[in-house]
Amino acid sequence: MDDTIVEMRHITKRFPGVVANDDVSISIQKGEIYAILGENGAGKSTLMSMLFGMYEPDEGEIWIRGKKVNITSPSYATKLNIGMVHQHFKLVENYTVTENIILGQEPMTRHLGFLPAVDVKGSEQKIAALSKRYGLEVDPHKKIEDVNVSTRQRVEILKMLYREAEILIFDEPTAVLTPQEIEFLLNIIRELRKAGKTVILITHKLEEIKQVADRCAILCRGKLIGVYDVASTSTREMANRMVGREVSFTVDKAAMQPGAEVLKVDDLLVRDPDGVQAVKNVSFTVHAGEIFAIAGVSGNGQTELADAIAGLIPACGGKIFLNGEDVTALSVRERTLRGVSYIPEDRQDVGLVLDFDLAENLALKDYFKEPFCHKGVLDRRAFDEHGKKLIADYDIRSGQGISTQVRSMSGGNQQKAIIAREVELESGLMIFVQPTRGLDIGAIENIHKQIVAQRDAGNAILLISLELDEIIGLADTIGVMFSGEMRKIAPAETLTANQVGEYMMGVKA
Ligand SMILES: Nc1ncnc2c1ncn2[C@@H]1O[C@H](COP(=O)(O)OP(=O)(O)OP(=O)(O)O)[C@@H](O)[C@H]1O
Ligand SMILES: [Mg+2]
């Protein structure tokens, strides 16, 4: 029996300077988990955005349940029972969980028998039933701005289910989650399949595909390379097909040659906006030529620690020294000028100016200096030359080269742009927070090589990551944070992944 629910036939989509999808044909069966894999900028989000009605294809046809359709808007996609959780969430910050879920689909009732009103009670019951059925726990009365990313994601999923989606598209849902949350989400996805739903999963993580998907489509520079049966294809095969070359999963690095002390954090205390201690009297040092990696479950003070060292938020106690100089009271720019590079966790809010073009974003940290600025006058040509060089050196892919507006770039390529800019500063201290989040495996391999190269060039590296593999693979020294405290500091070779995991969970003190 043919149970095809989605068919995309010969889909082509062009953006200025780039063919995002080039004659792509896929067909998806009802009740399967269908993964889509491909390098950053390969066209995954674009393909699925067309299925969800955010763009229309330039050529090709979409068939849903055996009928040809023109999906001209997300609301029409919703009518066809198609839902999507986007790579960058789309919720209203100052609305509650319930309000976000029912937004646009408010069930009406009558107060006192005649006054029209939103039936909040009724929708709350429906939401509660859905939460229970799929294990999607949320507090319906909390405002979105007060909940963490994994809750936000649950809200997005509930929103789809509330609209009775049967075809559920997830665009890199696990990029922002911790390993425990990922396990949880994969279980939810399995439950959705059990309930007969069709799931399309875009991800860069081959292990996840192995764990849940039935088939996997691989895209490369807009073209479909092939569709593979997951059970009979190894992760290595998938990786090689996708990147078009042999990919190495391990990092080659020589023993470290530590030099002078570059960063010294002494008894640092940082409070979050509510006055709660986020970083509690943390002390450590990082030397030239050393990768000091901080492991920890998300939300244990790592982000605040990095922000405080970079100067984005103030220290409430303790001191930060850079090459022996007390920089605790200095501004971000003063620290940058003394040699601090920072790849922040939030690439869209802190890392980039989305409405600027790529050349401008690549010079954000030094536009006020030579060669970009002569006596207060900006030199556009210098921006362009610098931009072109970085695009080539870091393989940043975009439609229109240096003049691409950064907002239109794929998520992974936005991240590569930040890394290029910050590494190029050649700072003595480089702070990398989640540097490979959302990157494809080929790009991850390159970034890891660059981090090691920067260490070998004598720079001090502070790496903060939620990926234990990344920590174990790169670290010379490992620090583990739990509940705002630095629970353990030790040479990397003296700790196993399991031991680090135990400190991360607070089991070991
Ligand atoms: N709105 C847009 N305007 C112009 N170009 C766009 C737009 N959206 C996507 N593109 C371009 O289309 C190409 C495919 O982008 P897409 O976001 O689909 O990639 P992706 O496979 O999802 O990558 P990633 O893994 O980094 O998220 C990229 O070159 C991107 O710059
Ligand atoms: Mg994408």
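Cut-off values and rules
- Starting from 1, residues in each chain are numbered consecutively following that chain's sequence as written.
- Chain A is the first chain written and ligand 1 is the first ligand written, with later ones labelled in order.
- Local features in this predicted model are restricted to residues of pLDDT 70 or higher, and side-chain atom pairs are both shown and tallied only at a pLDDT of 80 or more, whereas totals for entire chains, interfaces and linings draw on every residue.
- Based on all heavy atoms of the structure, the side-chain values leave hydrogens and waters out of the count.
- Centres within 6.5 Å are what make two rings of Phe, Tyr or Trp a pair, Trp counting through its six-membered ring; a difference in plane orientation under 30 degrees is then read as stacked, over 60 as edge-to-face, and the rest as tilted.
- Only DSSP runs of H or I reaching four residues or more are called helices, and only runs of E reaching two or more are called strands; each is numbered from the N terminus.
- Only protein chains enter the accessibility calculation, which uses a 1.4 Å probe; a residue is then buried when its area is under 20% of its type maximum, exposed when over 50%, and partly exposed in between.
- Charge-over-ring contacts are defined here by two conditions on Lys NZ or Arg CZ: a distance within 6 Å of the ring centre and an angle within 35 degrees of the ring normal.
- Segmentation of the chain into domains, including their bounds, is taken from an automatic or database domain assignment.
- The criterion used for residue contact is that any of the two residues' heavy atoms lie within 4.5 Å.
- When two parts are brought into contact, each loses some accessible area as probed by a 1.4 Å sphere; the total of that loss over both is the buried area.
- Any Lys or Arg side-chain nitrogen located within 4 Å of an Asp or Glu carboxyl oxygen qualifies as a salt bridge.
- Any N or O atom pair separated by 3.5 Å or less is treated as a polar contact, with the protein-specific requirement of one donor-capable and one acceptor-capable atom, and with residues adjacent in sequence counted only for side-chain atom pairs.
- Note on pairing: two strands pair once DSSP finds at least 2 bridges between them.
- Under this scheme, a helix contributes an axis fitted over its contacting stretch, all axes are lines through C-alpha atoms, and angles between N-to-C directions fall in the 0 to 180 degree range.
- Near, as used in this document, describes a residue that has one of its heavy atoms within 4 Å of the molecule or strand being considered.
- For the accessible areas, the method is Shrake-Rupley and the probe is 1.4 Å, while residue cover comes only from the protein chains on display.
- Relative orientations are named as follows: roughly parallel for angles under 35 degrees, roughly antiparallel for angles over 145 degrees, roughly perpendicular for angles from 65 to 115 degrees, and oblique for any other angle.
- The hand of a helix crossing depends on one turn: near helix anticlockwise from the far one by less than a right angle means left-handed, and clockwise means right-handed.

Looking now at the packing of aromatic side chains. Tallied over the entire structure, the rule returns four aromatic pairs. Ring centres of Phe-15 and Tyr-55 lie 5.2 Å apart, and the angle between their planes is 70 degrees; this geometry places the pair in the edge-to-face category. Residue Phe-15 is found in strand β1 (residues 4-15), and its partner Tyr-55 is found in the loop between α1 (44-51) and β4 (59-64); the two are separated by 40 residues along the sequence. Residue classification places Phe-15 among the partly exposed positions, given a relative accessible area of 27%. Between Tyr-367 and Phe-368, the aromatic rings sit 5.3 Å apart at their centres with planes inclined by 85 degrees, giving edge-to-face as the arrangement. Overall, the relative accessible area of 31% leaves Tyr-367 in the partly exposed class. Directly above the ring of Trp-63 sits Arg-9, whose terminal nitrogen or CZ lies 4.0 Å from the centroid. We note Lys-126 situated over the ring of Tyr-162; from NZ or CZ to the ring centre the distance is 4.3 Å.

As a further point, take the domain arrangement of the protein. Parsing the protein into structural domains produces domain 1 (4-243), domain 2 (250-339 + 427-509) and domain 3 (352-426). Relative to domain 2, the C-alpha centre of domain 1 lies at a distance of 34 Å. Listed as interface residues are 15 residues of domain 1 and, on the opposing side, twelve residues of domain 2. Of the roughly 960 Å² buried at the junction of domain 1 and domain 2 (both faces included), carbon and sulfur atoms supply 61%. At the boundary of domain 1 and domain 2, one finds one salt bridge. A salt bridge links Lys-205 to Glu-467, with the shortest nitrogen-to-oxygen separation between them at 3.7 Å. At the boundary of domain 1 and domain 2, one finds three residue pairs in polar contact (both at pLDDT 80 or more).

In space, the four strands of this open sheet follow the order β14-β13-β16-β17, with antiparallel pairing throughout. Because the sheet does not close on itself, it has two edges, and the strands there are β14 (277-287) and β17 (325-326). Across five bridges, strand β13 (residues 261-271) lies against strand β16 (residues 317-322) in antiparallel orientation. When the bridges of β16 are listed, Leu-269 appears paired with Gly-317.

Turning next to the sheet that holds β4. In any sheet, the strands associate via hydrogen bonds between backbone groups, in a parallel or an antiparallel arrangement. The four strands lie next to each other as β2-β1-β4-β5, forming an open sheet whose pairing is antiparallel. Two strands close off the open sheet at either side, each with one partner strand: β2 (18-29) and β5 (67-69). Direction aside, neighbouring strands of the sheet carry axes that sit 25 degrees apart on average. The sheet contact formed by β1 and β2 spans eight bridges and is antiparallel. Its bridge partner lying in β2, Ile-11 is registered against Val-24.

Attention shifts here to the pattern of salt bridges. Scanning the entire structure with this criterion turns up 36 salt bridges. A salt bridge links Lys-253 to Asp-476; its shortest N-O distance comes to 3.5 Å. Of the two residues, Lys-253 sits in the loop between α8 (235-243) and β13 while Asp-476 sits in the loop between α16 (468-474) and β23 (477-482), which places them 223 residues apart along the sequence. Assessed through its relative accessible area of 29%, Lys-253 is described here as partly exposed. Here Asp-476 falls in the buried class, since its relative accessible area comes to 8%. Arg-455 is paired through a salt bridge with Asp-456; the nearest N and O atoms lie 3.0 Å apart. Look at Arg-455 and you get buried, because its relative accessible area is 2%. A cluster of three or more residues bridged by salt bridges with shared partners is formed by Glu-7, Arg-9, Glu-61 and Lys-68.

So, on to the pairing of strand β8 (residues 115-118). Here strand β7 (residues 108-111) pairs with β8 via four bridges, running antiparallel. For His-111, the partnering residue across the bridge sits in β8 and is Leu-115. Hairpin remark: β7 followed by β8, antiparallel, with three residues in the connecting loop; positive phi at Leu-112, about 50 degrees.

Let us now look at the site of ligand 1. Taken together, 20 residues sit near ligand 1, with Gly-41, Lys-44, Thr-46, Ser-410 and Gly-412 positioned nearest. Asn-40 places a polar side-chain atom, nitrogen or oxygen, 3.1 Å from an oxygen atom of ligand 1. Here an oxygen atom of ligand 1 sits 3.0 Å away from a polar atom, N or O, in the side chain of His-204. Relative to its free-state accessible area of 640 Å², ligand 1 is covered by the protein chains to the extent of 89%. For the shell around ligand 1, the secondary-structure elements that each account for two or more residues are β2, α1 and α14 (411-424). The greatest single-element share of the shell around ligand 1, amounting to three residues, is contributed by α1.

This paragraph deals with the packing of helix α13 (residues 380-394) against α14. Between α13 and α14, whose axes approach to 10 Å, the crossing angle comes to 110 degrees. In terms of axis orientation, α13 runs roughly perpendicular to α14. When the axes of α13 and α14 are compared, the crossing they make is right-handed. Note on element contacts: α14 touches α13 through Lys-416, Ala-420, Arg-421, Val-423 and Glu-424, opposite His-386, Lys-389, Leu-390 and Tyr-394.

Two elements, strand β11 (residues 215-220) and strand β12 (residues 223-229), share six bridges in a ladder whose sense is antiparallel. By the bridge assignment for β12, Arg-215 is matched with Asp-229. Connecting the antiparallel pair β11 and β12 is a turn made up of two residues, with Arg-221 showing a positive phi of about 45 degrees.

Now for unusual backbone geometry. Note the cis peptide between Glu-370 and Pro-371, where omega equals 0 degrees. Its identity as a non-glycine residue notwithstanding, Glu-426 has a phi of 50 degrees, on the positive side. Looking at the secondary structure, you find Glu-426 in the loop between α14 and β21 (429-433). One non-glycine residue, Gln-434, adopts positive backbone phi at about 45 degrees. By the secondary structure assignment, Gln-434 is in the loop between β21 and α15 (441-456).

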